[in-house]
Amino acid sequence: MNSIPAAVQIIRQAFPGISQAEANELVAIGEVKPYAPGVILCKENAIEETFFIILEGEVTVTKIINADEKRALKHLGEGDFFGEMGLIHNAPRAATVETISPVRVLEIHKTAFDRLLQKTSSMSLAMVREVSRRLSENDEMAIEDLRLKAGELASAYQRLAQEELARREFLTTIAHELRTPLTTARGFLEMLRFHELDTIQRDEILSTVARNVEQIVTLVNDILFLQEVELLEPEMHPVDVRELIVGAVKSLTSEAQKAETHIQLEAVSGIPQVMGHARSLQRAFLQLLDNAIKYSSAGSEVVISIESRSDTVRVSIADHGVGIPEHIRPYIFDRYFHLEEVGDDLYGGLGLGLAITKQVVEQHNGRIEVESQEGKGSVFTVVLPELRGEPVEF
Ligand code: ADP
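Remember, predicted model here, so these are calculated numbers, not experimental data.

1. Some thoughts on the site of the ligand
- Taken together, 21 residues lie around the ligand, and Asn-291, Asp-319, His-338, Leu-339 and Leu-354 are the ones closest in.
- A distance of 2.8 Å is found between an oxygen atom of the ligand and a side-chain nitrogen or oxygen belonging to Asn-291.
- Take Lys-294: an N or O atom from its side chain is 3.0 Å from an oxygen atom of the ligand.
- When the ligand is considered free in solution it has 530 Å² of accessible area, and contact with the protein chains removes 97% of it.
- Of all elements in the fold, only α8 (278-294), α9 (353-363) and β17 (377-385) reach the threshold of two or more residues within the shell around the ligand.
- Element by element, the count of residues in the shell around the ligand is highest for α8, at three residues.
- In terms of residue class, the shell around the ligand is made up of eleven nonpolar, eight polar and two charged.

2. Some points on the nonpolar core
- One finds Phe-285 and Leu-289 to be the most contacted residues of the largest nonpolar core, which totals 44 residues.
- When residues of this core are traced back to their parent elements, those giving at least two are α5 (121-194), α6 (199-231), α7 (241-258), α8, β12 (301-309), β13 (312-319), α9 and β17.
- Setting aside residues no more than four positions away along its own chain, Phe-285 makes contact with Val-241, Leu-244, Ile-245, Val-315, Ile-317, Val-382 and Leu-384.
- By size, the runner-up hydrophobic cluster in this structure holds 23 residues, among which are Val-8, Ala-14, Ala-23 and Leu-87.

3. Digging into the sheet that holds strand β6 (residues 81-82)
- The strand order across the open sheet formed by four strands is β1-β8-β3-β6, and the pairing between neighbours is antiparallel. Taken across any chain shown, the strands that pair with only one partner, and hence form the sheet edges, are β1 (31-35) and β6.
- Alignment of strand β3 (residues 50-56) against strand β8 (residues 103-109), held across six bridges, turns out to be antiparallel. Residue pairing in the sheet places Ile-54 in a bridge with Val-105 of β8.

4. Remarks on the domain arrangement of the chain
- Per the domain assignment, the segments of the chain are domain 1 (3-119), domain 2 (154-231) and domain 3 (237-385).
- Computed from C-alpha coordinates alone, the two centres of domain 1 and domain 3 are separated by 61 Å.

5. Section: the sheet that holds strand β7 (residues 96-99)
- Read across the sheet, four strands follow the order β2-β7-β4-β5 without closing on themselves; strand pairing throughout is antiparallel. Each edge of the open sheet is held by one strand with a lone partner, namely β2 (40-42) and β5 (69-76). The sheet shows a mean angle of 35° between the axes of neighbouring strands, direction not considered.
- Here seven bridges tie strand β4 (residues 59-66) to β5, and the two strands are oriented antiparallel to one another. When the sheet's bridge partners are listed, Thr-62 is paired in β5 with Ala-72.

6. Some remarks on the packing of aromatic side chains
- The tally for this structure, following the rule as stated, stands at eight aromatic pairs.
- Ring centres 4.8 Å apart and planes at 10° place the aromatic pair Phe-52 and Phe-82 in the stacked group. Of this pair, Phe-52 sits in strand β3 while Phe-82 sits in strand β6, placing them 30 residues apart in sequence. The exposure classification of Phe-52 matches that of Phe-82, with both residues buried.
- One aromatic cluster is present, formed by Phe-15, Phe-51, Phe-81 and Phe-113 through successive ring pairs.
- One residue, Arg-283, lies across the ring of Phe-225, its end atom 5.4 Å from the ring centre.

7. Considerations on the pairing of β12
- Here strand β10 (residues 262-267) pairs with β12 via six bridges, running parallel. Bridging from a neighbouring strand, Leu-265 pairs with Ile-304 of β12.
- Two elements, β12 and β13, share seven bridges in a ladder whose sense is antiparallel. For Glu-307, the partnering residue across the bridge sits in β13 and is Arg-314.
- Hairpin geometry of β12 and β13 is characterised by an intervening segment of two residues between the two adjacent antiparallel strands and by a positive phi of about 45° at Ser-310.

8. Regarding unusual backbone geometry
- At Glu-260, a residue that is not glycine, the phi angle is positive and equals roughly 55°.
- In this structure, Glu-260 sits in the loop between α7 and β10.

9. Brief notes about the confidence of the model for the chain
- Of all residues in the chain, 98% have pLDDT values of 70 or greater, and the mean over the chain is 88.
- Taken element by element, the predicted model of the chain shows its lowest mean pLDDT in helix α3 (residues 85-88) (74) and its highest in β17 (97).

10. Thoughts on the pairing of β3
- Burial of β3 is extensive: six of the seven residues sit out of reach of the surface.
- The pairing of β3 with β6 spans two bridges and is antiparallel. Pairing of Phe-52 across the sheet is with Phe-82, part of β6.

11. Topic: the pattern of salt bridges
- Taken as a whole and judged by the stated rule, the model has 16 salt bridges.
- Measuring nitrogen to oxygen at the nearest pair gives 2.9 Å for the salt bridge that ties Arg-133 to Glu-137. Taken together, the residues span about one helical turn, with Arg-133 and Glu-137 both in helix α5 at a distance of four residues.
- With a shortest N-O distance of 3.1 Å, Glu-164 and Arg-168 are connected by a salt bridge. With Glu-164 and Arg-168 both in helix α5, this residue pair falls four residues apart, about one helical turn.
- Among the charged side chains, a network of salt bridges with common partners joins Arg-314, Arg-367 and Glu-369.

Quick notes on the rules
Residues numbered from 1 in each chain as written. Predicted model: local features only at pLDDT ≥ 70, side-chain atom pairs only at ≥ 80, totals over all residues. Heavy atoms only, no water. Near = heavy atom within 4 Å. Polar contact = N/O pair within 3.5 Å; in protein donor to acceptor, adjacent residues only side chain to side chain. Areas by Shrake-Rupley, 256 points an atom, 1.4 Å probe, with all protein chains shown as cover. Helix = DSSP H or I, 4+ residues; strand = E, 2+ residues; numbered from the N terminus. Nonpolar A, V, L, I, M, F, W, Y, C, P; charged D, E, K, R; others polar. Core = buried A, V, L, I, M, F, W, Y, C linked by side-chain atoms within 4.5 Å. Buried < 20%, exposed > 50% of the residue type's maximum accessible area, 1.4 Å probe, protein only. Contact = heavy atoms within 4.5 Å. Pairing = 2+ DSSP bridges. Domains from an automatic or database assignment. Axes fitted to C-alpha atoms, helices over the stretch in contact; angles between N-to-C directions. Phe/Tyr/Trp six-rings, centres within 6.5 Å; stacked < 30°, edge-to-face > 60°. Lys NZ or Arg CZ within 6 Å of the ring centre and 35° of its normal. pLDDT = per-residue confidence, 0-100. Salt bridge = Lys/Arg side-chain N within 4 Å of Asp/Glu carboxyl O.

Here's what the structure looks like:
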């Protein structure tokens, strides 16, 4: 194909109203150039003075939205033009244009173009008409973009407002949760200081103080743990999940007894290890087990099962307790979400447990699922990718 007549024809289609002679002249002052894919023809924000008409091939137009995001605005092909602002005035490029296939363009430099315009006014008119049509098209795109951005901003604002509300509620709760054991401990310490007490009374008081202090330590640890999980990349090692679960069951046995709940562990042997951070994983399982006991009905059973399926290790903790009402299910993993009252029963807590668990599980490239029936019970399942290699024999 002879490129000059083809270029003339493309220009006449791109700018209806241009005569054959004018199109010829436009081609004559320009230069037809081939480019390979991946070449940047216009660079956003640069002051450049070349106008391009695509004769063959495709380019993509992208714009920087912010430090981390570039948006592809559109693709241009045969007959499309770009860089017109460089001809009209010295505005910096509004976007970046890059070839995405082998491309041939007619390039016209501003000085040559200015000279041509002085000779012929009908061509300027045809070009201005086309350029202004394109500008209004761009305006519509910009308006649509703004509309989208406004929507995104509105929902981001709403999310922030919800987080702020949760944060405030959390501060109120935490103040309360700290004040109660602190005040109790202080009251009892004063009794120790100012009253004559026998050994039995002293022992009782000391264990109450110890219990309250323990409560404060747990609370502070939870908050710090959550902070730490978020900030630090833990060191991962091969971990035996069953061992962690056995440890968690042991440390909650007396709590289970107090709640009259029986814990049953169903685990087959040969469960593969996972790559993980033992302390964090243990914390996550302890939390699920602790919740299962806390929300169980007295006399019921909590069943833990560990199995290996489709390259994953799955740990399920099932209770026969109050269950989770459907309307709160989407929020239970949110930080500070806590349901105080279920039926006639009140449950203490700060709403940090499941947030910690989820964060830990996700840090291990795993996921957590929940199934629940109100009044019947819940099953939380943690799915972790298994460590490839030899399974562990118990
Ligand atoms: P907390 O128990 O301190 O409120 P969590 O983050 O551990 O905080 O749990 C958030 C909420 O999820 C609880 O308030 C409770 O409503 C619900 N929940 C969690 N585990 C269970 C469970 N096993 N049975 C019923 N409800 C549960």
